[in-house]
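In case you want the letters, here they are:
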Amino acid sequence: MSSELEQLRQQNADLRNLLVQAEARLKIAQEVTDEGLMMVDRDGRVVSINDRLVELWRLPPDVAAKALDSQL
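Owing to the predicted nature of the structure, the values given are computational and were not obtained by experimental measurement. (Residues numbered from 1 in each chain as written. Predicted model: local features only at pLDDT ≥ 70, side-chain atom pairs only at ≥ 80, totals over all residues. Heavy atoms only, no water.)

Peer 1: Where do I start with the pairing of strand β2 (residues 46–49) in this structure?
Peer 2: The two faces of the sheet receive side chains in turn, since in a regular strand these alternate between them. Bridge analysis of strand β1 (residues 38–40) against β2 gives three bridges, and the strand direction is antiparallel. Looking across to β2, one finds that Met-39 is bridged to Ser-48. The antiparallel hairpin formed by β1 and β2 contains five residues in its connecting segment, where Gly-44 sits at a positive phi of about 85 degrees. (Pairing = 2+ DSSP bridges. Helix = DSSP H or I, 4+ residues; strand = E, 2+ residues; numbered from the N terminus.)

Take a look at the structure:
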């Protein structure tokens with residue numbers, strides 16, 4: 001039983017590491033693209049806005065920050 005639990009813990013740690021790596025790659029891709037991007041979750045909450053979107057829509061930076069902060 002103990003070895004099974006340790007295996008599950010290791011799998012969990014491995015999956016968390018993969019998630020962290022994927023999130024980092026996504027953040028880099030979002031920031032280097034020429035497209036304005038806004039990501040929302042399944043509930044319609046804004047979870048990410050890139051600088052290009054703020055620039056294209058000519059949003060004051062505080063508006064973008066408030067959109068993100070209000071969703072947390």
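Now, onward.
Peer 1: Where do I start with the pattern of salt bridges in this structure?
Peer 2: Should the charged atoms of two oppositely charged side chains come close, the side chains can pair. One pass over the full model with this rule turns up three salt bridges. Ionic pairing is found between Arg-45 and Asp-41, a salt bridge with its closest N-O pair at 2.7 Å. By sharing partners, the salt bridges in this structure join Asp-41, Asp-43 and Arg-45 into a single network. (Salt bridge = Lys/Arg side-chain N within 4 Å of Asp/Glu carboxyl O.)

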